[in-house]
Amino acid sequence: MKHVLSVASEAVPLVKTGGLADVVGALPEALAGQGWEMRVMIPAYRGVIDRLKKTKVVWRDPDLYGAPAELHLGKHGALEVMALHAPHLYDRAGGPYSDIRGDFGDNAERFAALCWAAAAVARDGAGDWRPDLLHAHDWQGALAPAYLRYAGSSLPTVMTIHNIAFQGRVGAEKMATLRLPREAFHREGYEFWGDISTLKAGLTTADAITTVSPRYAEELMRGEYGQGLEGVIAARAGVVMGILNGIDETVWNPQSDPDCIPFSASTLSAKSKNRKVLQSEFQLESKIDGPLVILVSRLTAQKGIDLLPAAVEELVAQGGALALLGSGDGWAEELVRGLAARFPGRVGVRIGYDEALSHRMFAGGDAVLVPSRFEPCGLTQLYGLRYGCLPIVAAVGGLVDTVIGASPATLSAQAATGVVFHPVDALALRQATRRLCDLHADRRTWTAMMKRAMKSELGWANSAARYAALYERLIAQ
Ligand code: ADP
Ligand code: GLC
């Protein structure tokens, strides 16, 4: 077995705010089959260590950004976790990045500390464990490859971009606090418009850069999607690679999902029972002839929530309904509440975060709507495919790579698995919604699409093999 240290701010099932956690939590098991033992380093947020089994302290630092810290190695199921216990940074009420008052003011230090510890373990090992490679995720992990490089280490590193919208940008006055070398504060280093960008530090120092879908890798080299870092990524095009996310098929499996009435591609009648459950759970009318569309998402600008009125108006006009679960920005929560008030019995909204409810929604829904402005990979369309809840998605990022939009050509080739719309605006979404309703009314076509979707390859096998091949190549170099 070769060893890889993964460093990130979230990992399922210990802490999750989005898809990053799903991916970080699922990769170790996927890679185990490829001959790689992956340990995941995350901050020991309040309560994390209590949930680990067989813990032991494997590394200590008397002064990790202001106070002592310890690394607790432990297990959660099959997942091997290295939880960084540094109470001055992580033992707080609230989520991983914020509390009710907003983002923590010291997030830059909090995640720099995580990366400092990861770089130290990567270089010197912890206990009798020493990684062959370090794999960092997003801006929170991005200083780990940078610290290694700045200290002259040649340990191979991989930097994965899950979302370029978050760049770890802070004022240059934090340079010394973040233990960053002044010599690398320039355009080819971690300097970004006069500030520090921790993501840029990772992008300019890692041996390889991966994005969570091939399409997103291409998009990121263009001004429209690169959010100012397109030049940095294009300059390293030779080491950039898109590797599609998979889903955890043990958690997302309609045949064994404890949260729903089990069904499969050959027992689709049981799916209708889940639909009934969903209708009553969201207080929707008991007879809905059009598609019952679901949406499970963070409610932010990225997710195209401002486009919903167009989709809903068309959907309701065609006899369909919407069940929505999400939480996020105030304006977006207000917008979706407004839709529920405007279309009682046709639009049901639940503000909050509820994993079990999300499973029941995929099980009962006919279609899942993902109208994102940009989407590095997206996981809900994949869950939708697996549960025969056909995706209606914007033509961006990983959504393009995973859904085959219905057209005369893809339908006659028996390839279509959903509806894809472009450009990402209200008119195109309205037309796509109409198309979805027409397809849904054509029962034979719809059932064929459902069965095809449910059988598509969505697990980690292919992608894990690609990560493993990348790791092998880097350690051989
Ligand atoms: P992102 O990471 O940008 O939010 P993804 O589609 O990659 O988008 O991942 C989102 C993950 O979070 C999925 O697993 C989705 O089911 C889950 N999720 C988002 N909002 C909620 C919610 N309100 N309740 C339950 N699960 C949610
Ligand atoms: C990010 C992206 C999402 C992706 C997830 C996991 O949160 O917004 O598209 O699926 O990371 O890689």
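The strand order β17-β16-β15-β18-β19-β20 describes an open sheet built from 6 strands, whose pairing is parallel. Looking at strand neighbours, the two that pair on one side only are β17 (347–351) and β20 (419–421), the edges of this open sheet. Put simply, the sheet's adjacent strands are angled 15° from each other on average, direction ignored. Bridge count between strand β19 (residues 390–394) and β20: 3 bridges; the pairing is parallel. Residue Ile-392 lies in a different strand from β20, and its bridge partner there is Val-419.

Looking at ligand 1, there are 20 residues lining it, with Lys-16, Gly-19, Arg-298, Gly-352 and Leu-379 nearest. One of the backbone nitrogen or oxygen atoms of Gly-19 is found 2.6 Å away from an oxygen atom of ligand 1. Gly-352 places a polar main-chain atom, nitrogen or oxygen, 2.8 Å from a nitrogen atom of ligand 1. Coverage of ligand 1 by the protein amounts to 93% of the 560 Å² it exposes when considered alone. Sorting elements by how many residues they give to the shell around ligand 1 places strand β15 (residues 292–299) first, with 3 residues. Per-class residue counts for the shell around ligand 1 are 5 nonpolar, 8 polar and 7 charged.

Moving on: the site of ligand 2. Close to ligand 2 lie Gly-19, Leu-20, Val-23, His-162, Asn-163, Val-212, Asn-245, Gln-302, Glu-375, Pro-376, Cys-377 and Gly-378. One of the backbone N or O atoms of Pro-376 is found 3.4 Å from an oxygen atom in ligand 2. Bound to the protein, ligand 2 loses 93% of the 310 Å² it would expose on its own. When residues of the shell around ligand 2 are assigned to domains, at least three fall in each of domain 1 (2–246 + 460–476) and domain 2 (269–454).

This model, assessed by the stated rule, comprises 23 salt bridges. Across the salt bridge formed by Arg-346 and Glu-285, the nearest N and O atoms sit 3.0 Å from each other. Of this pair, Arg-346 sits in the loop between α12 (330–342) and β17 while Glu-285 sits in the loop between α10 (269–281) and β15, and the two are 61 residues apart along the sequence. For Arg-346, a relative accessible area of 16% gives the class buried. On the basis of relative accessibility, which here comes to 34%, the residue Glu-285 falls in the partly exposed class. One network of salt bridges, in which partners are shared, links Lys-16, Asp-22 and Glu-355.

Let us look at the packing of aromatic side chains. On inspection of all chains with the given rule, the structure shows 15 aromatic pairs. Between Phe-111 and Trp-139, the ring centres sit 5.4 Å apart and the planes meet at 80°, which makes this aromatic pair edge-to-face. Placement of Phe-111 in helix α3 (residues 107–124) and of Trp-139 in helix α4 (residues 138–141) is noted, with a sequence separation of 28 residues between them. Like Phe-111, the residue Trp-139 is buried in the burial classification. Each ring, one from Tyr-467 and one from Tyr-471, has its centre 6.4 Å from the other, and the planes form 40°; the classification is tilted. Within this pair, Tyr-467 and its partner Tyr-471 are both found in helix α19 (residues 461–476), separated by 4 residues, close to a single helical turn. For the residue pair Tyr-467 and Tyr-471, the accessibility class agrees, reading buried in each case. Every member of this aromatic cluster is reached through a ring pair, and the members are Trp-252, Phe-263, Phe-362, Tyr-383 and Tyr-387. Here the guanidinium or amino end of Arg-179 rests over the ring plane of Tyr-65, the centre of that ring lying 4.1 Å away.

Moving on, we get to the packing of helix α11 (residues 308–317) against helix α17 (residues 426–441). Relative placement of two packed helices is described by the angle separating their axes and the distance separating the axes. Orientation of α11 relative to α17, taken along the N-to-C sense of each, is 30°, at an axis distance of 8 Å. Judged by the angle between their axes, α11 and α17 are roughly parallel. In the packing of α11 onto α17, the handedness of the crossing is right-handed. For the pair α11 and α17, the contacting residues are Ala-310, Ala-311, Glu-313, Glu-314 and Leu-315 in the first and Ala-426, Leu-429, Arg-430, Thr-433, Arg-434 and Cys-437 in the second. For the contact of α11 with α17, a count of residues per class yields 6 nonpolar, 1 polar and 4 charged.

Under the domain assignment, the protein chain is made up of domain 1 (2–246 + 460–476) and domain 2 (269–454). Using only C-alpha atoms to locate each centre, domain 1 and domain 2 end up separated by 32 Å. Counting residues at the interface gives 18 residues for domain 1 and 17 residues for domain 2. Between domain 1 and domain 2, a total of about 1,300 Å² is buried, with carbon and sulfur atoms accounting for 60% of that surface. On the domain 1 side of the contact with domain 2, Lys-16, Arg-215 and Leu-244 bury the most area, a combined 29% of that side's loss. Along the contact surface separating domain 1 from domain 2 lie 1 salt bridge. Note that Glu-355 and Lys-16 form a salt bridge whose closest N and O atoms lie 3.5 Å from each other.

Calculation notes
Residues numbered from 1 in each chain as written. Chains lettered and ligands numbered in written order. Predicted model: local features only at pLDDT ≥ 70, side-chain atom pairs only at ≥ 80, totals over all residues. Heavy atoms only, no water. Pairing = 2+ DSSP bridges. Helix = DSSP H or I, 4+ residues; strand = E, 2+ residues; numbered from the N terminus. Axes fitted to C-alpha atoms, helices over the stretch in contact; angles between N-to-C directions. Near = heavy atom within 4 Å. Polar contact = N/O pair within 3.5 Å; in protein donor to acceptor, adjacent residues only side chain to side chain. Areas by Shrake-Rupley, 256 points an atom, 1.4 Å probe, with all protein chains shown as cover. Nonpolar A, V, L, I, M, F, W, Y, C, P; charged D, E, K, R; others polar. Domains from an automatic or database assignment. Salt bridge = Lys/Arg side-chain N within 4 Å of Asp/Glu carboxyl O. Buried < 20%, exposed > 50% of the residue type's maximum accessible area, 1.4 Å probe, protein only. Phe/Tyr/Trp six-rings, centres within 6.5 Å; stacked < 30°, edge-to-face > 60°. Lys NZ or Arg CZ within 6 Å of the ring centre and 35° of its normal. Parallel < 35°, antiparallel > 145°, perpendicular 65-115°, else oblique. Left-handed = near helix turned anticlockwise from the far one by under 90°. Contact = heavy atoms within 4.5 Å. Buried area = accessible area lost by both parts, 1.4 Å probe.

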